[in-house]
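# Commentary on secondary and tertiary structure
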Amino acid sequence: MSLALDTTPTRHLSAVPEAAPAAPAPAPASAPRLRAVPDGTEARGFVLYVGIDELKALEAGTSLGEIVSQLKALTQQLAPSAETHAAVALAPEGAGGRDVDVVRLALHDPAALAKHRGTEIDEEPGARGGVVVDISRKRLLLDGDAAPLTYKEFELLQYLVLREGRTIDRAELISSLWSATDDEVPNERTIDVHVRRLRSKLGAFEDIVRTVRGVGYRFDRHADVSIRQASTPSPDVF
């Protein structure tokens, strides 16, 4: 919620000669008032979205960490009892768009999400065919039809997609996608079975998951492959 302070200046009376009639005392100035706070609620803080990428910060002679530190220090100076929390917004490389808009979406600003969802209606994943890895809705579309992936198969595909172009070895896939409490934890040989099942469901697009002999697997994007990530990157990239 965007909050604005009512900062209308209070008019001060000038000194008057003693012979003049006494001027009425000015009405006490009201305290700054927060607008857009619904009845029955109270303001408990605010969010300041800062849009700047690491390169722009470096060009300005600073860094994202330094900017955060300075803002936190200023807050403590202005209001020592205030509590602060900083969160860095992540987005896929080459996502484009204004930095501040990316930040607002990644951190789930309600107004930004509402606007973005309105755009999504006109850009329904799969409308143009090909492969759509819809991370926001946890589904895979092939030529507009949903592929019957299991939860673990989609997790496997998503893990590779979010690390596009990087070869992931089998040990990393196992440690990242399975825990010791799972009923069946694959070993480095049986992980190939999971990948083979995933590829069988990709059909004609199976080569988007490539085998790097002796190392592991890699996701390669083709011209007919698109990734849908509506609001924020998957938590597994943090």
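Below, the structure is looked at part by part. (Residues numbered from 1 in each chain as written. Predicted model: local features only at pLDDT ≥ 70, side-chain atom pairs only at ≥ 80, totals over all residues. Heavy atoms only, no water.)

Turning our attention to the pairing of strand β5 (residues 209–212). Side chains on a regular strand alternate between the two faces of the sheet. Bridge analysis of β5 against strand β6 (residues 216–219) gives four bridges, and the strand direction is antiparallel. By the bridge assignment, Arg210 is partnered in β6 with Arg218. Between the end of β5 and the start of β6, which pair antiparallel, lie three residues, with Gly214 showing a positive phi angle near 80 degrees. (Pairing = 2+ DSSP bridges. Helix = DSSP H or I, 4+ residues; strand = E, 2+ residues; numbered from the N terminus.)

The next point concerns the packing of aromatic side chains. Enumeration over the complete set of coordinates arrives at zero aromatic pairs. Positioned above the aromatic ring of Trp178, the side-chain terminus of Lys152 is 5.0 Å from the ring centre. Positioned over the ring face of Tyr159 is Arg163, at 3.6 Å from the centre of the ring. (Phe/Tyr/Trp six-rings, centres within 6.5 Å; stacked < 30°, edge-to-face > 60°. Lys NZ or Arg CZ within 6 Å of the ring centre and 35° of its normal.)

Quick look at a negative patch on the surface now. The grouping of Asp143, Asp145, Glu206, Asp207 and Asp224 at the surface amounts to a negative patch. Residue position: Asp145 is located in strand β3 (residues 145–146). Asp145 gets classed as exposed once you look at its relative accessible area, which sits at 54%. (Patch = residues over 30% accessible without salt bridge, like charges linked within 9 Å, V, L, I, M, F, W, Y side chains within 5 Å. Areas by Shrake-Rupley, 256 points an atom, 1.4 Å probe, with all protein chains shown as cover. Salt bridge = Lys/Arg side-chain N within 4 Å of Asp/Glu carboxyl O. Lys, Arg positive; Asp, Glu negative; His and termini not counted. Charge placed at Lys NZ, Arg CZ, Asp CG, Glu CD. Buried < 20%, exposed > 50% of the residue type's maximum accessible area, 1.4 Å probe, protein only.)

Bringing the pattern of salt bridges into the picture now. Using the criterion set out here, one finds eleven salt bridges in the structure. We note a salt bridge from Arg98 to Asp101, for which the minimum N-O separation is 3.0 Å. Of the residues examined, Asp101 reaches a relative accessible area of 29% and is grouped as partly exposed.

Attention now goes to the sheet that holds strand β4 (residues 168–169). Sheet strands associate in pairs through backbone hydrogen bonding, adopting either a parallel or an antiparallel arrangement. One open sheet accounts for three strands, arranged β4-β6-β5; its pairing is antiparallel. Strand pairing shows two members of the sheet lacking a second neighbour, β4 and β5, which therefore form its edges. Its contacts with the sheet place helix α7 (residues 191–202) against β5 and β6, and it is angled at close to 145 degrees to β5. (Contact = heavy atoms within 4.5 Å. Axes fitted to C-alpha atoms, helices over the stretch in contact; angles between N-to-C directions.)

A few words now on the sheet that holds strand β1 (residues 131–134). With mixed pairing, the four strands of this open sheet are ordered in space as β3-β2-β1-β7. Pairing within the sheet leaves two strands with one partner each, and these edge strands are β3 and β7 (225–228). Bridge count for β1 against β7 is four bridges, and the pairing is parallel. Looking at the pairing, Val133 lines up with Ile227 of β7.

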